Amino acid sequence: MRSGSSELLLEQQQQELRLRKIRELAPKKKNGNRRFRSWRERARFYGTSTLAFFSVTAGASLLFLVPLYVDPAISTLSHDFVEHPTLCTTTRREDLVGIFNCSWSSCREGCTSDLYRCVHIYVTFIEQNITIPENMTDYSNYTADWEQSNEATLLVNIKGCGYPPTVTCKNFNNYYGVEGAIYPCFYSRKNKTVVLTSYNHDDQVSMIIHFFVVPFVITVISSIALCIMHCDCRCKKDRSHRRNRPQCRRPRIENLSDTSISTRVDMLTPAIEVYKPPL
């Protein structure tokens, strides 16, 4: 009986040891060691995430918005187009093929694509300030009394390119590329060889503000806020070059005056005379 009871005790002890090892080897629950964040830490975490998101998004958007919208808007404003439309007349149209013949095009879809086919549309316009009557569709009789300018190139915009559905070159060429067609247009005061089919000064300014100024301001403000939250942005003076000077210095011999030296010699002479070394 004693041997049987002892064996049962040993088995129970072994089972307890096995259970302990299994508990030690088993993965601990995450909720057990979870540290609860305070409201300040949570606000700091979510604020950092939000500011980083705005900073990265606005900064990356500038890479795409500047060449697509901002640069053409600035170029359009720099050409100083007339604010009120005049009348243009298409004189001729050229359909060219070949990369050497197509240095420019009145309209092309895709500003970054290689230009193998191009359409050159040439027009003349009325340089005098005129007032176009509203709801007028037939301009042939209206332009007969005005003097026409020299031949100029017609462009869909200042870059002569765009992306659908904003710019559809097929419709543009079919409408404006017909010889003798008369329509409202805008010419440049600085370069009278450049003519656009549509122009609005306020739209160009708003495009610069919305696509450049706003993302740039968001990027700068969010970056400054992140710097203030996580970095020490204060300007500190570098005082490492300054050495710790001793509070007091011993006087050097060369700094002593001649009178002080003579007084010390006079004081030492009687002591030298009294002391005589033995022979």
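The rules behind these values
- Residues numbered from 1 in each chain as written.
- Predicted model: local features only at pLDDT ≥ 70, side-chain atom pairs only at ≥ 80, totals over all residues.
- Heavy atoms only, no water.
- Disulfide = S-S within 2.5 Å.
- Helix = DSSP H or I, 4+ residues; strand = E, 2+ residues; numbered from the N terminus.
- Buried < 20%, exposed > 50% of the residue type's maximum accessible area, 1.4 Å probe, protein only.
- Core = buried A, V, L, I, M, F, W, Y, C linked by side-chain atoms within 4.5 Å.
- Contact = heavy atoms within 4.5 Å.
- UniProt positions renumbered as here; feature names shortened; annotations may be inferred.
- Phe/Tyr/Trp six-rings, centres within 6.5 Å; stacked < 30°, edge-to-face > 60°.
- Lys NZ or Arg CZ within 6 Å of the ring centre and 35° of its normal.

1. Examining the state of the cysteines
Next up, step 1: Inspection of the entire model under this criterion finds four disulfides.
Next up, step 2: The side chain of Cys88 participates in a disulfide bridge whose partner is Cys185; the two sulfur atoms lie 1.6 Å from each other. When the S-S torsion is 75°, as for the bridge of Cys88 with Cys185, the disulfide is right-handed. Linking Cys88 in strand 1 (residues 86-97) with Cys185 in strand 6 (residues 182-187), this pair joins segments that are 97 residues apart in sequence.
Next up, step 3: Note on Cys88: relative accessible area 0%, which makes it buried.
Next up, step 4: Overall, the relative accessible area of 0% leaves Cys185 in the buried class.

2. Observations concerning the nonpolar core
Next up, step 1: Counting residues in hydrophobic clusters, the biggest one holds 26 residues, and the most contacted among them are Leu154 and Val195.
Next up, step 2: Counting residues per element, the ones that place at least two in this core are strand 3 (117-125), strand 4 (152-155), helix 4 (169-176), strand 6 and strand 7 (194-196).
Next up, step 3: Leaving out residues up to four positions away in the same chain, Val195 has contacts with Cys88, Val123, Phe125, Ala152, Thr153, Leu154, Leu155, Cys185, Phe186 and Tyr187.
Next up, step 4: In this structure, Leu87, Ile126, Ile130 and Tyr139 belong to the second largest nonpolar core, which totals six residues.

3. Some details on the UniProt feature "transmembrane region" (unreviewed entry) in the protein
Next up, step 1: Look at the UniProt record and you will see "transmembrane region" (unreviewed entry) annotated at residues 45-70 and 207-229.
Next up, step 2: Its end C-alpha atoms 34 Å apart, residues 45-70 is made of 100% helix and 0% strand.
Next up, step 3: For residues 207-229, helix accounts for 100% and strand for 0%, while the C-alpha atoms at its two ends are 33 Å apart.

4. Notes on the packing of aromatic side chains
Next up, step 1: If you walk through the whole model with that rule in mind, you get eleven aromatic pairs.
Next up, step 2: Their ring planes at 70° and their centres at 5.3 Å tell us that Phe45 and Tyr46 sit as a pair that is edge-to-face.
Next up, step 3: For Tyr46, a relative accessible area of 55% puts it in the exposed group.
Next up, step 4: Between Phe125 and Tyr187, the ring centres sit 4.5 Å apart and the planes meet at 15°, which makes this aromatic pair stacked. A residue pair is termed long-range when its members are at least 10 positions apart, and Phe125 in strand 3 and Tyr187 in strand 6 qualify at 62 residues.
Next up, step 5: Taking relative accessible area as the criterion, Phe125 reaches 1% and is therefore assigned buried.
Next up, step 6: Linked through ring pairs, Phe172, Tyr175, Tyr176 and Tyr183 together constitute an aromatic cluster.
Next up, step 7: Cation over ring: Arg92 sits above Tyr122, and NZ or CZ is 3.8 Å from the ring centre.

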